[in-house]
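Next come the chains, spelled out residue by residue.
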Amino acid sequence: MDAQRSLNITIDDTSPIIRYQPLSLFNLDTVPDPLTGWSPICGAKTWVCDDHSAHTTSFDGAKFALSFFGTGIYLFGNVTSGMSYELTIDGNGVSNGLNGNNDTEPQMLARVSSLKPAVHTLTLVVKKGNSNGLFTFDYAQVIVDSATSFERTILNGTSSSRLTYGPAEPQYLQSWSSYGAYNATVPDGVDFNTFKASDLLGANVYTSFSGNTLLYYGPCYAASGAYTVTIDGSPNSQPVQLNASVPYTPVIARCLRYYAGGLSTNSSAASSQIQHELLITNSQEKSWMTVHWLEIWNFELGEGSPS
């Protein structure tokens, strides 16, 4: 019997898959105002903001939503001066948060476990404390308990023969170029030195894969923009629309641009696995869509998983 293990996926506050409402009014020339909504901030003193970013707010009713596949999720950040929050998973109340710990360092805000292994939607709503209160969200960690037979495949953006850049017309193919990667920690097997990018509207990357989890990484920065992601698209399906732009000069080098879990793996045919098709498309003119690497996970859930 294969040994069981717990799998973790870290989703930073900068990931485009997190849906913040409302965002504060800001641009590169203005300072975000947490009184008007979620304010993305970067405390880095270098060109790379990884591990130095957060979203802060003092706006009563500010919220964010995140969909994930797993059996649990942890939230990290801090609250000050009487700020609190309400947390729901799939519409069911889980916690009313913490109240006024006045801690400026990231801490665990919530810990949700023993969920059914399925796709869940987490929603967090901020409740305002006094006039000086501030709520800060740093990152989430998704947990998948009791996984067995774990396999991970990495597709490097600049070298994998399984990634097809297009469309096939010359102007699109010529728009894809390799660039020097920013200094950030990457998993074993990832090409540390380079990533692929295009700023042409309609440029895309395609691959097919077999697995139940997909992670797509590429640098996010001010000149990034909107893009769409489609898995197993049909004429009637709507692509997921995302935006990877950040309102400060430093770059998020290890940016999780897309994440999908709980994908089907087994077909009706014996010993046959489903081949998924992935298409990522730049949907904004003169904004950069980047591809550093993709991770494909394949695992089974053991008997210890919640039912």
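The structure this text deals with has already been given above.
Everything in this summary refers to the structure shown in the same document. Residue numbers here run from 1 along each chain, matching the order of that chain's written sequence. The predicted origin of the model limits local features to residues at a pLDDT of at least 70 and limits the giving and counting of side-chain atom pairs to 80 or more, whereas totals for whole chains, interfaces and linings rest on all residues. Think of the side-chain values as coming from all heavy atoms in the structure, minus any hydrogens and water.

The next point concerns the pairing of strand S5 (residues 63-70). One face of the sheet, then the other: side chains in a regular strand alternate in exactly this way. S5 sits mainly inside the fold: six of its eight residues count as buried. Here, strands pair whenever DSSP counts at least two bridges between them. Working definition: helices are DSSP H or I runs of at least four residues, strands are E runs of at least two. Numbering for both runs from the N terminus. Bridge count for strand S2 (residues 19-21) against S5 is three bridges, and the pairing is antiparallel. Bridge pairing in S5 links arginine 19 to alanine 65. In this structure, S5 lies alongside strand S10 (residues 118-127), joined through eight bridges in antiparallel fashion. If you follow phenylalanine 64 over to S10, its bridge partner there is leucine 124. Exposure categories follow from relative accessible area, calculated using a 1.4 Å probe and restricted to protein chains: below 20% of the type maximum is buried, above 50% is exposed, and the middle band is partly exposed.

Here we take up empty space enclosed by the protein. The way it works is a 1 Å grid over only the protein atoms, where trapped points that fit a 1.4 Å probe form a cavity and open points with protein on both sides within 12 Å along at least five of seven lines form a pocket, and then any residue with an atom within 4 Å of a point lines it. Grid points are joined across faces, edges and corners, and a volume is the space filled by probe spheres set on the points. Within this structure, the stated rule accounts for one cavity of 30 Å³ or more. Looking at the largest cavity, its volume works out to about 40 Å³. Around the largest cavity, the lining residues are Ala181, Tyr182, Ala184, Val186, Phe192, Phe195, Pro219, Ala253 and His292. The residue classification treats Ala, Val, Leu, Ile, Met, Phe, Trp, Tyr, Cys and Pro as nonpolar and Asp, Glu, Lys and Arg as charged. All others, Gly included, are polar. Along the lines of polarity and charge, the residues of the lining of the largest cavity split into eight nonpolar, one polar and no charged.

Among the nonpolar cores identified, the biggest contains 40 residues, and Ile73, Leu75, Phe135 and Tyr259 are the most heavily contacted of them. In terms of residue count, the dominant contributor to this core is strand S11 (residues 134-156) (six residues). Contacts are assigned to residue pairs with any non-hydrogen atoms lying within 4.5 Å of each other. Among residues more than four places away in sequence, those in contact with tyrosine 259 are Ile9, Ile11, Ile17, Ser67, Phe68, Phe69, Val142, Thr213, Leu214 and Leu215. Residue types Ala, Val, Leu, Ile, Met, Phe, Trp, Tyr and Cys, when buried and joined through side-chain atoms within 4.5 Å, form a set referred to as a nonpolar core. Counting residues in hydrophobic clusters, the runner-up holds 31 residues, among them Ala203, Ile231, Tyr248 and Ile296.

Right, let's talk about the layout of surface pockets for a bit. By rolling a water-sized probe across the atoms, one finds the places where empty space is left. In this structure, the largest pocket occupies an estimated 720 Å³ of space. What lines the largest pocket is a set of 35 residues, among which Ser15, Pro16, Ile17, Ile18 and Asn243 lie closest to the centre. Among the elements of the structure, S2, S5, strand S18 (240-243) and strand S19 (256-261) are those that each provide at least two residues to the lining of the largest pocket. In terms of residue class, the lining of the largest pocket is built from 24 nonpolar, nine polar and two charged. The computed volume of the second largest pocket comes to approximately 530 Å³. Lining the second largest pocket we find 27 residues, and of these Ile9, Thr10, Asp12, Tyr217 and Arg254 sit closest to its centre. When residues of the lining of the second largest pocket are traced back to their parent elements, those giving at least two are strand S1 (5-12), S11, strand S16 (213-217) and strand S22 (293-301). When residues in the lining of the second largest pocket are grouped by element, the largest group, seven residues, is from S1.

Okay, the sheet that holds strand S17 (residues 226-231) next. Judged by pairing direction, the sheet is antiparallel, and its five strands sit side by side in the order S12-S15-S20-S17-S18 without closing on themselves. Every other strand in the sheet has two partners, leaving strand S12 (164-166) and S18 as the edge strands with one partner each. This sheet shows a mean twist of 20° between the axes of neighbouring strands, independent of strand direction. Where strand S15 (residues 204-209) meets strand S20 (residues 276-282), six bridges bridge the pair, whose relative direction is antiparallel. Residue pairing in the sheet places asparagine 204 in a bridge with threonine 281 of S20. To obtain an axis, a line is fitted to C-alpha atoms, over the contacting stretch when the element is a helix, and the angle between two such axes runs from 0 to 180 degrees between their N-to-C directions.

What follows concerns the state of the cysteines. The rule for a disulfide is simple: a pair of cysteine sulfur atoms within 2.5 Å. Taken as a whole, this structure holds two disulfides when the rule is applied. Paired through a disulfide, cysteine 42 and cysteine 49 show a sulfur-sulfur distance of 2.1 Å. Taking the sign of the S-S torsion, 135° for the link of cysteine 42 and cysteine 49, the bridge is right-handed. Paired through a disulfide, cysteine 220 and cysteine 255 show a sulfur-sulfur distance of 2.1 Å. For the disulfide bridge between cysteine 220 and cysteine 255, the dihedral angle about the S-S bond is near -75°, and by the sign convention the bridge is left-handed. Remark: cysteine 255 occurs in the loop between S18 and S19 and cysteine 220 occurs in the loop between S16 and S17; sequence separation between them is 35 residues. According to the relative accessible area criterion, cysteine 255 is buried, its value standing at 0%. The connectivity of the disulfide-linked cysteines in the protein, indexed sequentially, is 1-2, 3-4.

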